[in-house]
Amino acid sequence: MDSWTKLIVLPSDQPAISIKEQLTQWLVPRRIRGNFRMERRILLNGTYQPTSTILKPGDTLTMTWLPHDFEVATSNYVTDDSQPVDVLFENDDLMVVNKIKGVKTHPNSPGEVGTMMNFAQAYL
């Protein structure tokens, strides 16, 4: 993957908040918000604008994601295909699974297996 671009047309009830505030509401991590700003990879209506720019209804935000946006020092989940993953919904942006009762959500130590994150890693 060289890059991934997500284009979002803001709704008619878009509040008058800054690009930075909108990204925060969308739970885009601070590190990635910084990458977007420093590398000018977030466009408002086709051009780069400071993240303090106030959004309006119908504006178009275009975010270009790069592989290094997803690299973190502790993202080494071990693949574990010992359990099937019950996928309730999946699209290009999101996967929702039915978590197995009694199974941990994520590993708490390096190399740990048997968690939903390990099973999802195997599924993906």
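In this text, all values refer to a predicted model and were calculated from it rather than measured experimentally. (Residues numbered from 1 in each chain as written. Predicted model: local features only at pLDDT ≥ 70, side-chain atom pairs only at ≥ 80, totals over all residues. Heavy atoms only, no water.)

Asks: Please clarify how the layout of surface pockets should be interpreted in this entry.
Replies: Rolled over the atoms, a probe sized like a water molecule indicates the empty space that remains. Approximately 420 Å³ is the volume attributed to the second largest pocket. As for the second largest pocket, its lining consists of 13 residues, and the residues nearest its centre are Trp-4, Phe-70, Asp-92, Asp-93 and Leu-94. Class assignment for the residues of the lining of the second largest pocket results in 10 nonpolar, no polar and 3 charged. (1 Å grid on protein atoms, 1.4 Å probe; cavity = no way out; pocket = protein on both sides within 12 Å on 5 of 7 lines; lining within 4 Å. Points joined across faces, edges and corners; volume = space filled by probe spheres on them. Nonpolar A, V, L, I, M, F, W, Y, C, P; charged D, E, K, R; others polar.)

Asks: Looking at this model, I keep getting lost on the nonpolar core. Mind explaining?
Replies: For soluble globular proteins, nonpolar side chains are generally found buried alongside one another. Membership of the largest hydrophobic core is limited to 12 residues, which are Leu-10, Ile-19, Leu-23, Val-28, Ile-32, Phe-36, Ile-42, Leu-44, Leu-55, Leu-61, Met-63 and Trp-65. Elements supplying a minimum of two residues to this core: helix H1 (19-25), helix H2 (30-38), strand S2 (42-44) and strand S4 (60-65). Excluding residues that lie within four positions of it along the chain, Leu-55 makes contacts with Leu-10, Gln-14, Pro-15, Ala-16, Ile-17, Ser-18, Ile-19, Gln-22, Leu-44 and Leu-61. (Core = buried A, V, L, I, M, F, W, Y, C linked by side-chain atoms within 4.5 Å. Buried < 20%, exposed > 50% of the residue type's maximum accessible area, 1.4 Å probe, protein only. Helix = DSSP H or I, 4+ residues; strand = E, 2+ residues; numbered from the N terminus. Contact = heavy atoms within 4.5 Å.)

Asks: Please clarify how the sheet that holds S2 should be interpreted in this entry.
Replies: Note on sheets: strands pair through backbone hydrogen bonds, and any given pair is parallel or antiparallel. Sheet architecture is open: 4 strands sit in the order S1-S4-S2-S3, paired in antiparallel fashion. Looking at the sheet topology across the chains shown, the edges are occupied by strand S1 (4-9) and strand S3 (47-48). The pairing of S1 with S4 spans 6 bridges and is antiparallel. Counterpart to Ile-8 in the pairing with S4 is Leu-61. Of the strands in this sheet, S2, S3 and S4 touch H2, which is tilted by about 105 degrees from S4. (Pairing = 2+ DSSP bridges. Axes fitted to C-alpha atoms, helices over the stretch in contact; angles between N-to-C directions.)

Asks: How do you make sense of the pairing of strand S5 (residues 87-90) when you look at a structure like this?
Replies: Regular strands place side chains that alternate from one sheet face to the opposite one. Two strands pair when backbone bridges link them, and S5 and strand S6 (residues 95-97) are joined in this way by 3 bridges, in the antiparallel orientation. Paired with Val-87 across the two strands is Val-97, which belongs to S6.

Asks: I keep staring at the pairing of S4 and nothing clicks. Help me out?
Replies: Burial analysis of S4 places 5 of its 6 residues in the buried class, which makes it a mostly covered element. For S2 and S4, the ladder comprises 3 bridges, and the chain directions are antiparallel. From the neighbouring strand, Ile-42 faces S4, where its bridge partner is Met-63.

Asks: What's the story with the pattern of salt bridges in this structure? I'm lost.
Replies: When charged atoms on two side chains of opposite charge get close, those side chains can pair. Applying the stated rule across the entire model yields 3 salt bridges. Two residues, Glu-39 and Arg-41, come together in a salt bridge whose shortest N-O distance is 2.6 Å. Notably, a salt bridge pairs Asp-69 with Arg-41, separated by 2.9 Å at the nearest N-O pair. Within this pair, whereas Asp-69 is found in the loop between S4 and S5, its partner Arg-41 is found in the loop between H2 and S2, the two being separated by 28 residues in sequence. (Salt bridge = Lys/Arg side-chain N within 4 Å of Asp/Glu carboxyl O.)

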